Amino acid sequence: MSATPTPAIVQLQGVTKRFGSFTAVERTNLEIPTNAFFALLGPSGCGKTTLLRMLAGFESPTEGSILIDGQEMSRVPPNRRPVNMVFQSYAVFPHMTVAENVAYGLKVSGVPRAEIGPRVRDALAMVRLTGLEGRKPDQMSGGQRQRVALARALVKRPKVLLLDEPLSALDKKLREEMQLELVRLQHEVGITFIVVTHDQEEALSMADRIAVMEKGRILQIAPPRELYEQPNCRFVAGFIGAMNLFEAQVRAADNGHAQLEVKGVGALQVPVDHTPPRGPATLAVRPEKLRLFTARPEAQGARLSGLVEQLAYFGDTSQVYVRLGDGERVTVTHHNATRSTAAGLAAGQPVWLGFDPADAILLTD
Amino acid sequence: MADRPGPLDYLRRWWLRGWILAVVVFLYAPIVCLVVFSFNDSRRNIVWQGFTLDYYGRALRNASLIEAFTNSLVVALVATVLSTIIGALLALALWRFRFVGRSAVEAGSALPIVIPEICMGVALLVFFTRVGWPTGLVWPLNLSSVIFSHVAFAFPFVTVVVRARMEGFDRSLEEASKDLGASEWQTFWNVTLPYMKPGLIAGALLAMTLSLDDFVITFFTSGPETLTFPVKVYSMVRFGATPEVNAASTVLIVVTILLTIIAIRLQSPAKQEG
């Protein structure tokens, strides 16, 4: 990446949206850099769709301002905004052919006739629908309709493309294909994509920056890897991937390290970025960061022991659910790296678990 | 495989065939009779005497019958256009907006459908005398009270049909249109209206049929110089059903069927193109 910071194409400043007494989005500040593939991720009802609809202009914020490319947009109607949207239902016009659908946005905004034809052709080529110009939407598959919706939005050359749950209506195989396709398109057209999704895998695999939302607030904005490896709160830790949480007390903290007393583990020193306050905290460890031993190991690092409660075999990995001595249940991802390992595990078997303190995350919220 | 009859196999059952035959006979026998006897060469019109086109000629030369026929067509045409516009606008308002008293408006708009026609007729008659609706105007203005009445009972049917059509409309289509740069009006014209079209045509067709053959309400609201076809036929039948009435009725049936065919063709232009 270049050293100069890319200017933000979208800026939200203190944006609040209330529907009656319900607050959908609360005092949100957000900057989305130009040419980003940005994901708004959160459970349903977290306000991500409301945020997207405010960017498109279908809702106006109760408070705060929305700037797109430096222009104040919060009171501008949707047809005068330099953004276009791909709807969850695709909203392809059923009475128009593919070509008419794609040409529609150009026609209503007064683009000269001579220019419309070539632009429609280019847009359809970009989403690989060349040859289907004369089809009606009811003669197409869901995946093809989505491509029409994409072409129809991209042909307008928006500054920002908004995508509302773009893959939720597709089956698994098509979804994976479309993920790659969207990333390719974003690179090709070089405009900012903002995608709303509740599917964390979708967000992690496509976006270069992700904002995790809950109850109308953005909890963390980070690149995928950072979000996964360094969640800043219990919600993000639990929402992105699986996580084992241990109650802990911060006994002491100095620069770079925290002394903890972890329930079921004992005293532990973990590296930290920010000096945590003393008192209750949560220690989080990913299932794949836990190592599983079938005999008490000699080496340091084994900190927990318990009985195998349940096994879920996935081929490359096994998910092992271990009931600890204190009653807590821990999930371990066991890599079936050699052919014999999985066969050695059975429910009721005593096992020992270990992890590197550097792989544990201290959450203080 | 042949143990249980498929849906179409039932047509081979004798009782089902009998049933279908009975339905067809009871539905269409009267109409066939009407048409056949319009060619009957007899004044009394009870026994078949021989083929003639005389009564079509007589019906054509019957000035008051032709006048009533023209009145009916004018009333039906104007009332259809007006009730389609009013009905569709009401349907759109009910579908689109939430406002205080919406359910009251909705229920109230359906009243003309459920109120007995005779009450509606009397009510309209009382209304016209009460407000002093101008009478004795020149044609076609003297039809205004009949047209008004027909619009009053026909537009709720249009509302019901259009409303039902709009229930299936995906609101994100309108949003998509605006998102792509269309104004409110462009969106209505290019996206909402095309979707409404089948509902509009069906509603208009319904209104037209209702208007064309309405007797009760028209009987109460038309003046002596503004007879419509059904009212005229009624007055003719009182002096005996001559083949002339049959002939005129047959023409009306043909007109109605033609209008229906046109409407159905308009409704599915896509299939004809493909």
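The structure presented is a predicted model; accordingly, all values stated were derived computationally and were not measured. (Residues numbered from 1 in each chain as written. Chains lettered and ligands numbered in written order. Predicted model: local features only at pLDDT ≥ 70, side-chain atom pairs only at ≥ 80, totals over all residues. Heavy atoms only, no water.)

Q: Explanation requested: the pairing of strand β2 (residues 22-33) of chain A in the structure shown.
A: Both faces of the sheet carry side chains from a regular strand, because those side chains alternate between them. Residues and elements named next belong to chain A. By the bridge criterion, eight bridges tie strand β1 (residues 8-19) to β2 in an arrangement that is antiparallel. Within β2, the position partnered with arginine 18 by the bridge is threonine 23. In textbook terms, the turn of a hairpin is the stretch between consecutive antiparallel strands, and for β1 and β2 this stretch comprises two residues, one of which, glycine 20, has a positive phi near 65°. (Pairing = 2+ DSSP bridges. Helix = DSSP H or I, 4+ residues; strand = E, 2+ residues; numbered from the N terminus.)

Q: Just checking my understanding: could you explain the packing of aromatic side chains for this structure?
A: Residue and element names in this part refer to chain A. Under the counting rule described, the total for this entry stands at 21 aromatic pairs over all chains. Their ring planes at 45° and their centres at 5.9 Å tell us that phenylalanine 58 and phenylalanine 87 sit as a pair that is tilted. Of this pair, phenylalanine 58 sits in the loop between α1 (48-56) and β4 (63-68) while phenylalanine 87 is found in the loop between β6 (83-86) and α2 (98-108), placing the two residues 29 residues apart along the sequence. Note on phenylalanine 58: relative accessible area 16%, which makes it buried. For phenylalanine 87, a relative accessible area of 4% translates into the label buried. (Phe/Tyr/Trp six-rings, centres within 6.5 Å; stacked < 30°, edge-to-face > 60°. Buried < 20%, exposed > 50% of the residue type's maximum accessible area, 1.4 Å probe, protein only.)

Q: Where do I start with the domain arrangement of chain A in this structure?
A: Often, the extent of an interface is quoted as the loss of accessible area on bringing the components together. Residue and element names in this part refer to chain A. When its domains are assigned, chain A resolves into domain 1 (8-237) and domain 2 (242-363). Look at where the C-alpha atoms of domain 1 and domain 2 centre, and you get two points 39 Å apart. With nine residues of domain 1 in contact, the opposing surface of domain 2 contributes nine residues. For the pairing of domain 1 and domain 2, the buried interface totals around 780 Å² over both sides, and the portion due to carbon and sulfur atoms is 47%. Of all residues in domain 1, Tyr228, Arg234 and Ala237 bury the most surface against domain 2, accounting for 62% of the area lost on that side. Counting the contacts that link domain 1 with domain 2 gives one salt bridge. Glutamate 229 is paired through a salt bridge with lysine 289; the nearest N and O atoms lie 3.3 Å apart. Broken down by secondary-structure element, the contributors of at least two residues to the side of domain 1 that touches domain 2 are α7 (224-229) and α8 (234-239). In terms of residues, the side of domain 1 that touches domain 2 owes the most to one element, α7, which gives three residues. Classifying every residue of the side of domain 1 that touches domain 2 gives five nonpolar, two polar and two charged. (Domains from an automatic or database assignment. Contact = heavy atoms within 4.5 Å. Buried area = accessible area lost by both parts, 1.4 Å probe. Salt bridge = Lys/Arg side-chain N within 4 Å of Asp/Glu carboxyl O. Nonpolar A, V, L, I, M, F, W, Y, C, P; charged D, E, K, R; others polar.)

Q: I would appreciate a short explanation of the interface of chain B and chain A in the present structure.
A: With 18 residues of chain B in contact, the opposing surface of chain A contributes 24 residues. Summing the contributions of chain B and of chain A, the shared interface buries around 1600 Å²; its carbon and sulfur component is 59%. Looking only at chain B, the three residues that lose the most surface to chain A are Glu175, Asp179 and Leu180 of chain B, adding up to 42% of its buried area. Connecting chain B to chain A are one salt bridge. In this structure, arginine 53 of chain A and glutamate 175 of chain B form a salt bridge, with 2.6 Å as the shortest nitrogen-oxygen distance. Taken together, the elements giving at least two residues each to the side of chain B that touches chain A come down to α7 (171-179) and α8 (184-212) of chain B.

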